[in-house]
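Each chain, written out:
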Amino acid sequence: MAESWLGPSPSLFLLPQFPSTRSLPMSTLPSPKPHHCRSSSSSAAAAPPSLLVFSGGTAFNGVVQDLMNLTTRVAHVLPVSDDGGSTAEIVRVLGGPAVGDIRSRCLRLADKSTSEAVAVRQLLGHRLPLDASQAKSEWYEIVEGEHSLWTGVSKPYRETIRAFLVYFQNQILRRADESFCFSNGSIGNFFFAGARVFFQSLDAAIFLFSRVSDIPSESLVLPVISTNDRLTLGCELSDGTIIRGQNEISHPTKGYTALVNKGSSSAPALSSRIKRVFYMSSEGQNLLHEVFPAPNPTVMDQLRNVDCIVYAMGSLFSSVCPSLVLIGIGEIISSRSCPKVLLLNGTHDRETSGFSASCFVIAITDALNRTYGGPHNCLKNLPNHYINTLLVPKDGEVPVNVQCLADQGIFEVIVVDSVNDPKVGVVFDPKSLIQALDDLIGRHMPTRVKVV
């Protein structure tokens, strides 16, 4: 293992250097290939639709590939507060924002058209064994370039990826007072963390990951907050209880090395319903305190221009609402006249036990209005300013009262075919869901290219 290092170059596009690997300019990486929607005519009369999706890093992943058949012009907006699994260990030792959800979506969008693309995807998607000693041993094989996972990865990609893995290892070794646990560690998370620390920029790390994994240039993976600081998600229950940490809210575990089960929750029920979610930080102070970070400007720009806004299925309060409570998000969404679509969950979870469809609508409205935040930043918009369509999985367990939704000003409720996932229960059939979105957007964009 190399132990002597040259410090990060002042140039954003030079990679970290170490004795066994030369510096590789970003210009040597292949440019991302534009991916285009298939058209029924040889000359496209209009561009494919553009979407912005608020989601977490798990539930919506199952439809990402099918969505790419409709359009690759999608802005995936994700939270930076995931503190479960190997993400928690990285944040504990290195600090900074959580990258697990972002890495997960990047991998789903990664190119699979060549054998090398598949090899890169397998490497960055690999997880180390649960046993801590076995995990550490395998990690050293990978970081030293001797693991079979490097088979099929060409020298430019190998040197680029390995440079940041070694840089990540170097950062861990420099923190002698912390003992990093590699158990169940994600190689993609380690690569991401190395790039983020090196560039001191989450956006630059996403750019690098997107180039390495050849994500379509028009597909954007956006952290809802562009920050290099650690942020903790908190929630306040109706009974006044405060819960700290995204994982503790949705999938509590015993210690940071425990596996996070994101399937059907067996966690104990919350003592009362969630009232609001908010951000906390210890930056500048010794104790966690509530903070009000600004949203990523690129997210705001996308919100102003996309053809459709989607609130994805998944953990409502710990995955979707963290992106909605930021000042400015509600203002822009309420001003748009495009389709604003809620993809209703097929099952209840710890966060939404006993919820009806109308309860989901109220929760999203309260988050965007910042109803329970500071009195000077609250909005008073009605639910239909934020949601005008519900897509509902057939045979889902969340009750849908059409009259209650109509009272909220929502009159378009579309039932979509579903499938039964053995881990989580009823979920949308991916192809049926994308077809429903296609039909919905088509009614608002009658001249656009249709998927065939």
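Structure: above.
A brief report on the enclosed structure follows. Remember, it's a predicted structure, so these values are computed and weren't measured experimentally. (Residues numbered from 1 in each chain as written. Predicted model: local features only at pLDDT ≥ 70, side-chain atom pairs only at ≥ 80, totals over all residues. Heavy atoms only, no water.)

1. Observations regarding the environment of Val424
Part 1 of the reasoning: Tracing the chain through its elements places Val424 in the loop between strand 12 (418–421) and strand 13 (425–428).
Part 2 of the reasoning: For the pair formed by Val424 and Thr347, sequence separation is 77 residues and the distance between their alpha carbons is 7.6 Å. (Helix = DSSP H or I, 4+ residues; strand = E, 2+ residues; numbered from the N terminus.)

2. Description of the packing of aromatic side chains
Part 1 of the reasoning: One pass over the structure, following the stated rule, counts 18 aromatic pairs.
Part 2 of the reasoning: Look at Phe182 and Phe190: their rings are 5.9 Å apart centre to centre, the planes differ by 85 degrees, and that puts the pair in the edge-to-face class. Taken as a pair, Phe182 and Phe190 share a single burial class, namely buried.
Part 3 of the reasoning: Connected via pairs of aromatic rings, a cluster forms that spans Phe164, Tyr167, Phe191, Phe192, Phe198, Phe199 and Phe209. (Phe/Tyr/Trp six-rings, centres within 6.5 Å; stacked < 30°, edge-to-face > 60°. Buried < 20%, exposed > 50% of the residue type's maximum accessible area, 1.4 Å probe, protein only.)

3. Quick word on the pattern of salt bridges
Pairing between side chains of opposite charge can happen when the charged atoms of each approach one another.
Part 1 of the reasoning: Considering all chains together, one arrives at 10 salt bridges under this definition.
Part 2 of the reasoning: For Lys275, the salt bridge goes to Glu236, with nearest N and O atoms at 3.9 Å. Of this pair, Lys275 sits in strand 6 (residues 274–281) while Glu236 is found in strand 4 (residues 232–237), placing the two residues 39 residues apart along the sequence.
Part 3 of the reasoning: When its relative accessible area of 32% is taken as the criterion, Lys275 is described as partly exposed.
Part 4 of the reasoning: Look at Glu236 and you get buried, because its relative accessible area is 18%. (Salt bridge = Lys/Arg side-chain N within 4 Å of Asp/Glu carboxyl O.)

4. What to know about the pairing of strand 4
Part 1 of the reasoning: Most of strand 4 is tucked away, with six of its six residues classed as buried.
Part 2 of the reasoning: Residues of strand 4 alternate between two faces, with Thr232, Gly234 and Glu236 on one and Leu233, Cys235 and Leu237 on the opposite face, all of them buried.
Part 3 of the reasoning: Here six bridges tie strand 4 to strand 6, and the two strands are oriented antiparallel to one another. For Gly234, the partnering residue across the bridge sits in strand 6 and is Phe278.
Part 4 of the reasoning: One ladder, built from three bridges, connects strand 4 with strand 5 (residues 242–244); its direction is antiparallel. (Pairing = 2+ DSSP bridges.)

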